[in-house]
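Read off the chains here:
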Amino acid sequence: SEFIHAWLAKLFPSSMNLAQKLRWIEVSWASLGVVFLALWVGRWQRSWVAGMFGGAAYAFMLSTVIRSTGIELSRENFALPIFLASLAAAEFARGMPVGHTRWMWGGVASLLMGCSWMAWDMIQYLLGLWVVACWLQCLAGRLRWSDWDGRQVVLHVMVLLMGALLNPYLRSHGAWNSPLI
């Protein structure tokens, strides 16, 4: 995340010091999380009102407010909006007609999910909840591996496995062998 923060900081006027630039970057990045959560909930529930309520609830949560202050530069602050963007992209893929566009959105969702894990290894707990939810849907008969949702899960797991093998930090900690995979 530091590389992206450094790149974004170069886009600000040189009259601002680095601390000011980083605070604006953190506030903007946290705001992206609100937007992505609202998009995800709106598509998932097929209600933009639900999406707006979800985004507003996330925006006003104490943890989000603290993250958005820019006081702390952490990987968690960087990874959560990426994870929420992956959920939103997966919902967009689900709503697309069968074809290249659906696979494109599914690929974007998988790549974003993998990037969120590589940015912050503790996101594996949220990913683990997602895996449990997928298994429960499968047991309830709402998720079939032969349908699009099942293929999307397989695509996600393949990208997560690639991330676990290619990312030096995740590889050194044996993430490829984690319960998540």
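Further up the page is the structure itself.
The structure presented is a predicted model; accordingly, all values stated were derived computationally and were not measured.

Draft legend 1. Just the packing of aromatic side chains, in detail. Considering all chains together, one arrives at 3 aromatic pairs under this definition. A centroid spacing of 5.4 Å and a plane angle of 5° characterise the contact between Trp40 and Trp44, whose relative ring orientation is stacked. A residue pair is termed a helical-turn pair when its members lie 3 or 4 positions apart in one helix, as Trp40 and Trp44 do in helix 2 (residues 18–45) at 4 residues. Centroid distance Phe92 to Trp105: 5.2 Å. Interplanar angle 25°. Geometry classified as stacked. Taken as a pair, Phe92 in helix 5 (residues 75–95) and Trp105 in helix 6 (residues 100–119) lie far apart in primary sequence, 13 residues in all. Residue class for Phe92 comes out buried when judged on its relative accessible area of 17%.

Draft legend 2. Geometry of a nonpolar patch on the surface. Residues Leu161, Met162, Leu165, Leu166, Trp176 and Ile181 make up a contiguous nonpolar surface patch of roughly 560 Å² in combined accessible area. As for its position among the elements, Leu166 is in helix 8 (residues 148–166). The class of Leu166 is exposed, set by a relative accessible area of 61%.

Draft legend 3. Seen up close, the layout of surface pockets. Taken as a whole, the largest pocket holds about 560 Å³ of empty space. What lines the largest pocket is a set of 22 residues, among which Leu87, Glu91, Arg94, Trp130 and Gln137 lie closest to the centre. Elements supplying a minimum of two residues to the lining of the largest pocket: helix 2, helix 5, helix 7 (124–139) and helix 8. For the lining of the largest pocket, the per-class residue count stands at 14 nonpolar, 4 polar and 4 charged.

Draft legend 4. Expanded view of helix 3 (residues 48–60). When the terminal C-alpha atoms of helix 3 are compared, their 18 Å separation across 13 residues agrees well with the 18 Å that a helix rising 1.5 Å per residue should span. Within the sequence span of helix 3, burial applies to Gly51, Gly54, Gly55 and Tyr58. One face of helix 3 carries all of its buried residues, which in axial projection span an arc of 95°. Helix 3 presents Val49, Met52, Phe53 and Phe60 as exposed residues on the side facing more than 90 degrees away from its buried surface.

Draft legend 5. A look at the pattern of salt bridges. Tallied over the full model, the rule gives 1 salt bridge. Residues Glu91 and Arg94 are paired through a salt bridge, measuring 2.9 Å at the closest nitrogen-oxygen approach. Highlighted residues: Glu91 and Arg94, both in helix 5, separated by 3 residues, approximately one helical turn. Overall, Glu91 belongs to the buried group, its relative accessible area being 8%.

Draft legend 6. Up close: the state of the cysteines. Here the structure, examined in full by the defined rule, presents 0 disulfides. Cysteine Cys115 remains unbridged, with the sulfur of Cys134 as its closest cysteine sulfur at 19 Å. Cysteine Cys134 is unpaired, with the sulfur of Cys138 as its nearest cysteine sulfur at 9.1 Å. The exposure class of Cys134 is buried, given its relative accessible area of 9%.

Draft legend 7. Region of the structure containing unusual backbone geometry. Even without a glycine there, the phi angle at Arg46 is positive, about 55°. Residue placement: Arg46 occurs in the loop between helix 2 and helix 3. On the basis of relative accessible area, Arg46 is assigned to the exposed category, the value being 64%.

Cut-offs applied
Residues numbered from 1 in each chain as written. Predicted model: local features only at pLDDT ≥ 70, side-chain atom pairs only at ≥ 80, totals over all residues. Heavy atoms only, no water. Phe/Tyr/Trp six-rings, centres within 6.5 Å; stacked < 30°, edge-to-face > 60°. Helix = DSSP H or I, 4+ residues; strand = E, 2+ residues; numbered from the N terminus. Buried < 20%, exposed > 50% of the residue type's maximum accessible area, 1.4 Å probe, protein only. Patch = residues over 30% accessible without salt bridge, like charges linked within 9 Å, V, L, I, M, F, W, Y side chains within 5 Å. Areas by Shrake-Rupley, 256 points an atom, 1.4 Å probe, with all protein chains shown as cover. Salt bridge = Lys/Arg side-chain N within 4 Å of Asp/Glu carboxyl O. 1 Å grid on protein atoms, 1.4 Å probe; cavity = no way out; pocket = protein on both sides within 12 Å on 5 of 7 lines; lining within 4 Å. Points joined across faces, edges and corners; volume = space filled by probe spheres on them. Nonpolar A, V, L, I, M, F, W, Y, C, P; charged D, E, K, R; others polar. Expected span 1.5 Å × (residues − 1). Arc of directions from axis to C-beta. Disulfide = S-S within 2.5 Å.

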